[in-house]
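Residue-level structural notes
Residue strings, one per chain:
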Amino acid sequence: MVVVLVGFMGAGKTTVGHIMAERLGQPFVDSDVLIEQRLGREIRDIFRTEGEAYFRQLEHETVAGLVRGPDAVIALGGGAVEDPRTRAVLRNARVVYLRVSYDEALARVKSDEFRPMLHRPGLDELYKRRLSAYEDLSVLTVDTDGRRPDAIALEVLAQLTQLPEAPPVNRVAASLASEDTDGCLRELDRLAPRIGLAEVRLDLMRTFDISKLVANSPVPLILTCRPERERGGFKGPDSERLGILRSARDHGCAYIDVETELLDLVAGWGGGSPTQVIGSQHWYDAMPSDLLGTYRELRDRCAVVKLVGTAATAADVLPVLELLQTASTPVVGMAMGAPGTCTRILAPAFPHTVLTYGAATPAAATAPGQITVDEMTDRYALHLVGPATKVYVHVIRPDDALSAQQQAEPGAELHVPLHAEDPETLRVRLAGTVPFTIV
């Protein structure tokens, strides 16, 4: 989960955040430090030269990327909650307020000459003004006065486990290829209630503004830029394409999707960004028999392995299902082509699946065999499907799947058709590959 720590300066957000992140096995990110790393400048210098309004814009864009990104413990600067745009973004995260009294806060930071806010007139009034914003945004509040950071971290973690269970992760991702940035954002706003993420195909856009896309998207973004050799629309040199992907990373999108041949180059960009890398490989004319072997070669080189083959027959989906069933790290696997559509529907039922792609409209499919987001959510309720869902793959009488799905409780059961020339043989092979009920 994404946990965001807020509170006045001196509350202990950084120290407590490091302890929490270590215990959760998640990265820790300090938004102020991230801004300094990206700009190569100190916060106090930004305040002094460009002013607070400029800094709050940078801060908003950074926080939006972090909250919409992968699981992490995030510490925010004390004034982040004063920006209404940032407050709106924070309502999509688990915000923890570390409460500190004014006197204790000053006692903790009074010797820190690098805090520009210490020299601001009316600091006590500023403290009082922010209290209501902290309280309003937080799902829990923990007092820090006179307490050790490790004790505070343990209390936060204990209380987080007692909060109401989070809703199922929505693994439906729209794949978009809009004309321009504004059109893409309009489509994202329309689809946002149905999707958990969105892939934006920069190579298929006429114009784009990465900063604006990332800052204003209502859902986390996967940005990619496919070359012509990968059946994409980008015609320039790889150096220019990599520059686009690096810009996407530097602006803090949730993921960049790059071809596996470029993973070593991308790894050389270093850390300092919350953006994760999807290493993808496509086979446009066949389905490799050993996707699992390719996955094992790649899983330690990127955050998410994405392997996509092309299914000419129903049996071609078996390597994809074996991959999804066996993977032990985040994975995206699917089969293109009409016989492979079932893999797009079944994918969210596997524990390590990150996403499955749907088209914005029937006419806007970006890959063969892709169905629409509306069909994924309205017909199959894939936004509610997860590893706990009871799955039935209809092979013998595939036409029965639709009526069974219509009668099923959304998210509790998933009925998927799979048409095969030899259904009995496929039924046996499926039963040995996936833990689903094959009917």
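Residues numbered from 1 in each chain as written. Predicted model: local features only at pLDDT ≥ 70, side-chain atom pairs only at ≥ 80, totals over all residues. Heavy atoms only, no water.

What follows deals with the overall build of the protein. When you go through the protein residue by residue, the secondary structure sums to 18 helices and 16 strands. In terms of overall size, the protein behaves like a compact globule, its C-alpha atoms giving a radius of gyration of 24 Å where 439 residues would be expected to give roughly 22 Å. C-alpha extents for the protein along the principal axes are approximately 80 × 50 × 35 Å. The 439 residues of the protein split such that 53% are buried. In the protein, 67% of the contacts between residues at least 6 apart in sequence involve partners at least 24 apart. A total accessible area of about 18,900 Å² is found for the protein, and carbon and sulfur atoms account for 49% of it. Once the 46 positive and 59 negative side-chain charges of the protein are each reduced to a mean point, those two points are 2 Å apart. (Helix = DSSP H or I, 4+ residues; strand = E, 2+ residues; numbered from the N terminus. Rg over C-alpha atoms; globule rule 2.2 N^0.38 Å. Buried < 20%, exposed > 50% of the residue type's maximum accessible area, 1.4 Å probe, protein only. Contact = heavy atoms within 4.5 Å. Areas by Shrake-Rupley, 256 points an atom, 1.4 Å probe, with all protein chains shown as cover. Lys, Arg positive; Asp, Glu negative; His and termini not counted. Charge placed at Lys NZ, Arg CZ, Asp CG, Glu CD.)

A few words on the sheet that holds strand S3 (residues 72-75). Spatial ordering of the open sheet is given by S2-S3-S1-S4-S5, a layout of 5 strands whose pairing is parallel. Strand pairing shows two members of the sheet lacking a second neighbour, strand S2 (28-30) and strand S5 (140-143), which therefore form its edges. Taken over all neighbouring pairs, the strand axes of this sheet differ in orientation by 20 degrees on average, direction set aside. Here strand S1 (residues 2-6) runs beside strand S4 (residues 94-99); their pairing, made up of 4 bridges, is parallel. For Val-3, the partnering residue across the bridge sits in S4 and is Arg-94. (Pairing = 2+ DSSP bridges. Axes fitted to C-alpha atoms, helices over the stretch in contact; angles between N-to-C directions.)

This part takes up the pairing of strand S13 (residues 356-359). If a strand is regular, its side chains alternate between the two faces of the sheet. Residues of S13 alternate between two faces, with Thr-356 and Gly-358 on one and Tyr-357 and Ala-359 on the opposite face, all of them buried. Strand direction decides the pairing type here: strand S6 (residues 172-176) and S13, joined by 4 bridges, are parallel. Bridge assignment links Ser-175 to a residue of S13, and that residue is Ala-359.

Here we come to the side chain of Thr-275. By secondary structure assignment, the location of Thr-275 is in the loop between helix H12 (263-267) and strand S10 (276-282). Overall, Thr-275 belongs to the buried group, its relative accessible area being 11%. Only 3.2 Å separates the side chain of Thr-275 from the backbone oxygen of Arg-249, close enough to count as a polar contact. (Polar contact = N/O pair within 3.5 Å; in protein donor to acceptor, adjacent residues only side chain to side chain.)

Attention now moves to the sheet that holds strand S14 (residues 390-394). Think of a sheet as strands paired side by side through backbone hydrogen bonds, with each pair either parallel or antiparallel. Pairing within the open sheet is parallel, and its 3 strands lie in the order S15-S14-S16. Looking at strand neighbours, the two that pair on one side only are strand S15 (413-417) and strand S16 (437-438), the edges of this open sheet. Of the strand pairs in this sheet, S14 and S16 are connected by 2 bridges, and their pairing is parallel. Paired with Tyr-392 across the bridge in S16 is Thr-437. In the packing of helix H17 (residues 400-407) onto the sheet, contacts are made with S14 and S15, and the angle to S15 comes to roughly 165 degrees.

Topologically, Pro-288 is positioned in the loop between S10 and helix H13 (291-298). With a relative accessible area of 19%, Pro-288 lands in the buried category.

With that settled, consider unusual backbone geometry. Even without being glycine, Arg-231 reaches a positive phi, approximately 60 degrees. Looking at where Arg-231 falls in the secondary structure, it is placed in the loop between strand S8 (221-224) and helix H11 (238-250). Despite not being glycine, Ala-381 has its phi angle at roughly 50 degrees, a positive value. Structurally, Ala-381 can be placed in the loop between helix H16 (373-379) and S14. Accessibility expressed as a relative area gives 5% for Ala-381, which makes it buried.

With that settled, consider the packing of helix H2 (residues 31-39) against helix H4 (residues 52-67). The geometry of H2 relative to H4 is characterised by a closest axis approach of 10 Å and an angle of 110 degrees between their N-to-C directions. Between H2 and H4, the crossing angle belongs to the class labelled roughly perpendicular. Contact with H2, carried on its side by Ser-31, Asp-32, Leu-34, Ile-35, Arg-38 and Leu-39, involves Phe-55, Leu-58, Glu-59, Thr-62, Val-63 and Leu-66 of H4 and no other residues of that element. Residues belonging to the contact of H2 with H4 are distributed by class as follows: 7 nonpolar, 2 polar and 3 charged. (Parallel < 35°, antiparallel > 145°, perpendicular 65-115°, else oblique. Nonpolar A, V, L, I, M, F, W, Y, C, P; charged D, E, K, R; others polar.)

What follows deals with helix H14 (residues 318-326). Taken together, the buried positions of H14 are Leu-318, Pro-319, Val-320, Leu-321, Leu-323 and Leu-324. Looking at the packing, one finds that the buried side of H14 touches H13, strand S11 (304-310), strand S12 (331-336), helix H15 (341-346) and helix H18 (423-431).

This part is about the environment of Val-29. Position of Val-29 relative to the elements: it lies in strand S2. Given the relative accessible area of 15%, Val-29 is considered buried. Between the C-alpha atoms of Val-29 and His-18, which are 11 residues apart in sequence, the distance is 8.6 Å. If we skip the residues at most four places from it in the chain, Val-29 touches Leu-34, Leu-66, Val-73, Ile-74 and Ala-75.

Orientation of helix H1 (residues 13-24) relative to helix H8 (residues 149-162), taken along the N-to-C sense of each, is 55 degrees, at an axis distance of 9 Å. Classed by the angle they form, the pair H1 and H8 counts as oblique. As H1 runs across H8, the sense of the crossing is right-handed. In contact with Thr-15, Val-16, Ile-19, Met-20, Arg-23 and Leu-24 of H1, H8 contributes Pro-149, Asp-150, Ile-152, Ala-153, Leu-154, Val-156, Leu-157 and Leu-160. Looking at the contact of H1 with H8, its residues break down into 11 nonpolar, 1 polar and 2 charged. (Left-handed = near helix turned anticlockwise from the far one by under 90°.)

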